[in-house]
Amino acid sequence: MRKFEKSSKLEHVSYDVRGPVLEEAERMEDEGIRILKLNTGNPAPFGFDAPNEVVRDLIMNVRSSEGYSTSKGIFSARKAIEQYCQTKNFPNVTINDIYTGNGVSELITMCMQGLLDHGDEVLIPTPDYPLWTASVSLAGGTPVHYICDEQAEWYPDIEDMKKKVTPRTKAIVIINPNNPTGALYPKEILEQIVEIAREHQLIIYSDEIYDRLVMDGLTHIPIATLAPDLFVVTLNGLSKSHRVAGFRCGWMVLSGDKSNVQGYIEGLNMLSSMRLCSNVLSQQIIQTALGGYQSIDELLLPGGRIYEQREFIYNALNDIPGITAVKPKAAFYIFPKLDVKKFNIKNDEQFVLDFLHKYHVLLVHGGGFNWHEPDHFRLVYLPQMEDLKLTMSSMREFLATYRQK
Ligand SMILES: Cc1ncc(COP(=O)(O)O)c(C=O)c1O
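A quick note: this is a predicted structure, and the numbers were derived from the prediction, not measured.

Definitions and cut-offs
Residues numbered from 1 in each chain as written. Predicted model: local features only at pLDDT ≥ 70, side-chain atom pairs only at ≥ 80, totals over all residues. Heavy atoms only, no water. Helix = DSSP H or I, 4+ residues; strand = E, 2+ residues; numbered from the N terminus. Rg over C-alpha atoms; globule rule 2.2 N^0.38 Å. Buried < 20%, exposed > 50% of the residue type's maximum accessible area, 1.4 Å probe, protein only. Contact = heavy atoms within 4.5 Å. Areas by Shrake-Rupley, 256 points an atom, 1.4 Å probe, with all protein chains shown as cover. Lys, Arg positive; Asp, Glu negative; His and termini not counted. Charge placed at Lys NZ, Arg CZ, Asp CG, Glu CD. Expected span 1.5 Å × (residues − 1). Near = heavy atom within 4 Å. Polar contact = N/O pair within 3.5 Å; in protein donor to acceptor, adjacent residues only side chain to side chain. Nonpolar A, V, L, I, M, F, W, Y, C, P; charged D, E, K, R; others polar. Pairing = 2+ DSSP bridges. Right-handed = clockwise from strand over helix to strand, strands pointing away. Axes fitted to C-alpha atoms, helices over the stretch in contact; angles between N-to-C directions. Parallel < 35°, antiparallel > 145°, perpendicular 65-115°, else oblique. Left-handed = near helix turned anticlockwise from the far one by under 90°.

Sorry if this is basic, but what is going on with the overall build of the chain here?
Within the chain, the regular secondary structure consists of 15 helices and 15 strands. Computed over C-alpha atoms, the radius of gyration of the chain comes to 21 Å, within 12% of the 22 Å expected from 2.2 N^0.38 for 405 residues, which places it in the range of a compact globule. With respect to the three principal axes, the spread of C-alpha positions in the chain is 60 × 60 × 50 Å. For the chain, the residues scored as buried account for 58% of the 405 residues in total. Pairs at least 24 apart in sequence give 75% of the contacts found in the chain among residues at least 6 apart. A total accessible area of about 17,400 Å² is found for the chain, and carbon and sulfur atoms account for 52% of it. Across the chain, the centroid of the 41 positively charged side chains sits 2 Å from that of the 51 negatively charged ones.

Now the structure itself:
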């Protein structure tokens with residue numbers, strides 16, 4: 001039998017959030033051990049149900065969704081997205097600038113495949129949502145990481161971003177609101193990013209899947225609204241705001257000046273056609289989901305589950321000697337810092353593995369987000385309060401004696 005290896009294209013692709021630690025957790029589950037999974041931003045398993053009217057919409061549309069749609073998606077979905085963009089003041093968006101996808105994930109890969117040639121560079125945050133880095137590598141490009149600064153609310157370090165632009169840079173990616181830090185970028189930071197893109201003629205990709213999950217009365221500003229003279233691709237979807245990650249429902253919007261990107265758009269159209277269309281049944285819920293009452297809002301206010309769990313986890317983590325954490329403003333992640341000297345931590349993956357073995361709680365090490373020091377981990381604070389409380393007391397107990405060998 002001939003031997004088959006994985007494609008050499010995958011050699012430089014790393015995707016450690018689903019790496020050896022998850023495999024070990026799954027192995028333990030196979031042995032019958034209950035693992036508390038704080039590793040993915042998947043609201044449904046933690047009792048965050050999808051809104052009833054969204055589910056009803058889905059059921060009512062099963063019959064009419066049996067066939068393929070046009071490659072970009074059905075009219076009602078794209079019209080609703082166009083109107084959503086209007087309410088948020090996106091410049092120069094028509095229904096033809098909107099593509100639905102099987103989650104934002106499919107579109108991230110698609111838009112990088114369509115853009116990059118070997119050696120082209122894309123500026124990506126560190127820490128990142130690692131699909132961006134992996135998709136750039138898979139498309140033959142080179143991810144270049146700019147630092148997000150923990151001392152400054154995890155905002156992008158503008159000087160670092162400037163330093164990392166080269167003649168091969170084609171684009172800047174931002175994730176706002178951010179996974180894994182929970183940061184929300186203010187207008188001044190966004191304007192400076194736009195200025196860099198303007199000066200070097202770069203495309204901006206803005207992953208805004210958490211734009212409806214903002215707390216503390218703050219407002220999300222889409223970067224596209226600050227850059228009508230540039231080409232901006234904004235990605236969004238229902239996985240988080242409507243707790244339907246399993247439905248695989250996302251979209252992307254092309255805005256601003258498209259005069260110099262017609263070739264790229266042709267490529268996107270081709271790639272979109274090659275996958276025929278996104279899940280039509282999921283597209284059917286977009287109009288209902290985006291219009292009218294937004295049930296997520298209550299969860300983000302004082303008394304709401306996400307808000308209260310954020311308060312708890314932020315205070316509990318900062319209360320543990322050797323841990324500090326910046327308060328997240330959005331989404332449902334926190335990215336705490338470990339005192340590596342105190343715990344003699346040299347390997348962050350080992351740290352989360354040791355915690356998994358002892359307490360059966362699965363976290364993701366900072367390296368999974370292309371963070372290059374072994375001093376962070378990410379925690380998803382979606383589980384019920386009792387589980388979060390248990391996790392925090394376990395962490396306190398664990399760190400009281402933990403020293404890496
Ligand atoms: C920043 C970010 N972008 C994209 C995605 C993928 O979302 P989707 O379910 O729409 O593929 C996630 C999921 O965790 C995310 O955190």
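In this structure, what is going on with helix H3 (residues 75–87)? I would like to understand it.
Residue pairs three or four apart in sequence face the same way in an α-helix, which turns once every 3.6 residues. Look at H3: 18 Å from first C-alpha to last across 13 residues, which is about the 18 Å you get at 1.5 Å a residue. Residues Ala77, Arg78, Ala80, Ile81, Glu82, Tyr84 and Cys85 constitute the buried set of H3. At its buried positions, H3 is contacted by strand S2 (98–101), strand S8 (231–237), strand S9 (250–256), helix H9 (280–284) and helix H10 (286–290). The first or second residue beyond H3 is asparagine 89, which carries a positive phi of 65 degrees.

How do you make sense of the site of the ligand when you look at a structure like this?
Around the ligand, 13 residues are found, and the nearest of them are Ser105, Asp207, Tyr210, Ser239 and Lys240. A distance of 2.7 Å separates an oxygen atom of the ligand from a polar backbone atom of valine 104. Of the residues that constitute the shell around the ligand, the class distribution is six nonpolar, four polar and three charged.

Which parts of the structure should I look at to understand the sheet that holds strand S14 (residues 364–365)?
Strand pairing in a sheet relies on backbone hydrogen bonds, with the paired strands running either antiparallel or parallel. With respect to topology, three strands assemble into an open sheet ordered S11-S15-S14, the strand pairing being antiparallel. Strand pairing shows two members of the sheet lacking a second neighbour, strand S11 (333–334) and S14, which therefore form its edges. As defined by bridge partners, S14 adjoins strand S15 (residues 377–380) across two bridges and the pair is classed as antiparallel. In the strand pairing of S15, valine 364 is matched with arginine 378.

Please clarify how the pairing of strand S6 (residues 169–175) should be interpreted in this entry.
For S6, the buried fraction is high: six of the seven residues fall into the buried class. With three bridges joining them, strand S3 (residues 121–126) and S6 adopt parallel strand pairing. Bridged to valine 122 within S6 is alanine 171. Sheet topology note: the S6/strand S7 (residues 203–207) ladder contains five bridges and is parallel. What sits directly across from valine 173, in S7, is tyrosine 205. For the segment spanning S6, helix H7 (residues 187–200) and S7, crossover handedness is right-handed.

Honestly, the sheet that holds S6 in this entry has me stumped. Any pointers?
Ordered in space as S2-S9-S8-S7-S6-S3-S4-S5, the eight strands form an open sheet in which the pairing is mixed. Looking at strand neighbours, the two that pair on one side only are S2 and strand S5 (155–156), the edges of this open sheet. Docked against the sheet, H3 engages S2, S8 and S9, running at close to 120 degrees with respect to S2. Across the sheet, helix H8 (residues 262–274) is in contact with S2, S7, S8 and S9; its angle to S2 comes to roughly 35 degrees.

Teacher, can you tell me more about the packing of helix H12 (residues 305–318) against helix H15 (residues 385–401) here?
What describes two packed helices is the angle between their axes and the distance between those same axes. Remark: H12 packs on H15, axes separated minimally by 10 Å, with the N-to-C direction vectors making an angle of 5 degrees. Classified by the angle between their axes, H12 and H15 sit roughly parallel to one another. Contacts between H12 and H15 pair Glu308, Gln309, Phe312, Ile313, Ala316 and Leu317 from the former with Met385, Leu388, Lys389 and Met392 from the latter. Partitioning the contact of H12 with H15 into residue classes produces seven nonpolar, one polar and two charged.

Would you explain the packing of helix H4 (residues 103–113) against H8 in this entry?
Direction vectors running N to C along H4 and H8 enclose 135 degrees, while the axes themselves pass 9 Å from each other. Our classification of the angle between H4 and H8 gives oblique. In this structure, H4 meets H8 at a crossing whose hand is right-handed. Here Met110, Cys111 and Gln113 of H4 lie close against H8, whose contacting residues are Tyr264, Leu268, Leu271 and Ser272. Tallied by class, the residues present in the contact of H4 with H8 amount to five nonpolar, two polar and no charged.

What exactly am I supposed to notice about H4 here?
Burial runs high along H4: eight of the 11 residues are buried. Residues Gly103, Val104, Glu106, Leu107, Ile108, Met110, Cys111 and Met112 constitute the buried set of H4.

Explain unusual backbone geometry to me, please; I cannot follow it from the model alone.
With the exception of glycine, most residues fall at negative phi, and the peptide bonds are largely trans. Across the junction of threonine 126 and proline 127, the peptide omega takes the value 0 degrees, indicating a cis bond. The linkage connecting asparagine 176 with the following residue, proline 177, adopts the cis geometry, with an omega of -5 degrees. Non-glycine residue leucine 276 carries a positive phi angle of around 65 degrees. Position of leucine 276 among the secondary structure elements: in the loop between H8 and H9.

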